[in-house]
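The residues making up each chain are set out below.
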Amino acid sequence: MNQTVISAQNLSLTFQTNDGPVHALKDINLDIDKGDFVSFIGPSGCGKTTFLRVMADLETPTSGTVTVNGMSPAEARMKRAYGYVFQAAGLYPWRTIGGNIRLPLEIMGYSREEQAKRVANVLELVELEGFDKKFPWQLSGGMQQRASIARALAFDADILLMDEPFGALDEIVRDHLNEQLLKLWARTEKTIGFVTHSIPEAVFLSTKIVVMSPRPGRIADVIDSTLPRDRTLDIRETQEFADIAHRVREGLRAGHAYD
Ligand SMILES: Nc1ncnc2c1ncn2[C@@H]1O[C@H](COP(=O)(O)OP(=O)(O)OP(=O)(O)O)[C@@H](O)[C@H]1O
């Protein structure tokens, strides 16, 4: 039986600003099952980041509820139920890659042995073995983003929330990272929530695609992918891939106000 790990019920969030209220999310209902790879796609300002931030307890909903592993987002954060990857890698330039990944573990008081074990483990998962003593500026943008994924994996949480992690990278690097991410997902069996602007990226990565529409941010369509979980980039040439991409595009078009 599918186990729900993230559940949003009638979730709304309105920001009060000097220019009046901004309805970032409105009546969102969504269940994410264990092991799902869920992408959130939609035009700029439709609330994708806000939704992810609500799950991560970085924003508080105005009404409705979200549960993460059956807990409130605040409890889930205390229990380190998820790792979070931001748009920019956000590595400290004065710390080595290993030092950056170790930082949250140091703060939480993990022993030196445990820190070293975890750093080695996550560097292997993102294929950056041997880079622990390098500084961020010695790595390419794609490698820095992999290091920031490694940092998010350091607590070995079951859930990984990723806010457009590859948006700033060129297409070839992005393709490669997408393949690596799928391998990592298969190996670790994590549940992933992933924000993107890219239709091919969403279709290639996801088991479930949540298409959002702006003002106020609502769910326009939820697409359960028919593609096999085990896939390589070649799958993008198939009719099935094109069909799913078409449905995403239709959802985006239907939800867009074109104002
Ligand atoms: N702290 C805040 N205060 C006021 N308004 C905000 C705040 N954070 C976000 N918003 C507004 O809420 C709406 C949703 O923003 P959000 O960043 O979630 O959208 P998004 O879909 O992730 O956009 P993008 O793709 O550009 O990152 C936008 O209109 C944004 O301006």
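Along every chain, residues carry numbers that run from 1 in the direction the sequence is written. Selection of residues for local features in this predicted model requires a pLDDT of at least 70, selection of side-chain atom pairs for listing and counting requires 80 or more, and totals for whole chains, interfaces and linings are taken over all residues.

K.L.:
What exactly am I supposed to notice about the domain arrangement of the protein chain here?
P.N.:
Where a domain begins and ends is set by an automatic assignment or by a domain database. By the assigned domains, the protein chain splits into domain 1 (4–81 + 158–255) and domain 2 (91–156). For domain 1 and domain 2, the distance between their C-alpha centres works out to 25 Å. Two residues qualify as a contact pair if the distance between their C-beta atoms, derived from the backbone, is within 7 Å. With 11 residues of domain 1 at the interface, the matching set in domain 2 holds 10 residues. When the residues that make up the side of domain 1 that touches domain 2 are grouped by side-chain class, the tally is 8 nonpolar, 2 polar and 1 charged. Classes in brief: Ala, Val, Leu, Ile, Met, Phe, Trp, Tyr, Cys and Pro nonpolar; Asp, Glu, Lys and Arg charged; the others, Gly included, polar.

K.L.:
Looking at this model, I keep getting lost on unusual backbone geometry. Mind explaining?
P.N.:
Note: most residues except glycine have negative phi, and most peptide bonds are trans. Cis geometry is found at the peptide bond from R215 to P216, where omega equals -10°. Only runs of H or I of at least four residues qualify as helices and only runs of E of at least two qualify as strands under DSSP, and these elements are numbered from the N terminus. Along the polypeptide, P216 turns up in the loop between β8 (208–213) and β9 (218–224). Here D57, not a glycine, exhibits a phi torsion of approximately 65°, which is positive. Position of D57 among the secondary structure elements: in the loop between α1 (48–55) and β4 (63–68). Buried residues are those with 20 or more other C-beta atoms within 10 Å of their own C-beta, exposed residues have 12 or fewer, and partly exposed residues lie in between; C-beta atoms are placed from the backbone. Classification of D57 by C-beta neighbours within 10 Å gives partly exposed; the count is 19. The backbone phi angle of R80 is positive, close to 55°, even though this residue is not glycine. Structurally, R80 is set in the loop between α2 (73–78) and β5 (82–85). C-beta crowding within 10 Å serves as the criterion here: with 14 such atoms nearby, R80 is assigned to the partly exposed category.

K.L.:
Quick question: what am I supposed to make of the environment of A74 here?
P.N.:
Structurally, A74 can be placed in helix α2. Since 11 C-beta atoms lie within 10 Å of it, A74 is described here as exposed. Distance from A74 to D57, taken between C-alpha atoms, is 5.5 Å for residues 17 residues apart in sequence.

K.L.:
Would you mind going over the pairing of β8 with me for this structure?
P.N.:
Moving residue by residue along a regular strand, the side chains alternate between the two faces of the sheet. Burial of β8 is extensive: 5 of the 6 residues sit out of reach of the surface. Paired strands, in this sense, are two strands between which DSSP finds at least two bridges. Across 4 bridges, strand β3 (residues 37–41) lies against β8 in parallel orientation. Bridge assignment links F40 to a residue of β8, and that residue is V210. Pairing geometry for β8 and β9, over 6 bridges, is antiparallel. Residue pairing for β9: S213 is matched across the bridge by R218. Linking β8 back to β9 in an antiparallel pair, the connection comprises 4 residues, with R215 at a positive phi of about 45°.

K.L.:
Would you mind going over helix α4 (residues 112–125) with me for this structure?
P.N.:
Owing to its 3.6 residues per turn, the α-helix brings residues three or four apart onto one side. In a regular helix each residue adds 1.5 Å, so 14 residues correspond to 20 Å; α4 covers 20 Å between its end C-alpha atoms and thus fits that length. Of the positions making up α4, those classed as buried are Q115, R118, V119, V122 and L123. For α4, the buried positions fall inside an angular range of 130° around the axis, keeping them on one side. Relative to its buried face, α4 has exposed residues pointing more than 90 degrees away, namely E113, E114 and E124. Here a helix's expected span is defined as the number of its residues, less one, multiplied by 1.5 Å. Here the arc refers to the directions that run from the helix axis out to each C-beta atom.

K.L.:
What exactly am I supposed to notice about the sheet that holds strand β2 (residues 20–33) here?
P.N.:
Sheet strands pair by backbone hydrogen bonding; their relative direction is either parallel or antiparallel. Reading across the sheet, the 3 strands line up as β2-β1-β4 and stay open at both edges, with antiparallel pairing between neighbours. Two strands in the sheet have a free side with no partner beyond their single neighbour: β2 and β4. Taken over all neighbouring pairs, the strand axes of this sheet differ in orientation by 20° on average, direction set aside. Summarising the sheet, strand β1 (residues 4–17) and β2 pair through 10 bridges and their orientation is antiparallel. Pairing of Q16 across the sheet is with P21, part of β2. Comment: axis = line fitted to C-alpha atoms, over the contacting stretch for helices; angle = value between 0 and 180 degrees taken between N-to-C directions.

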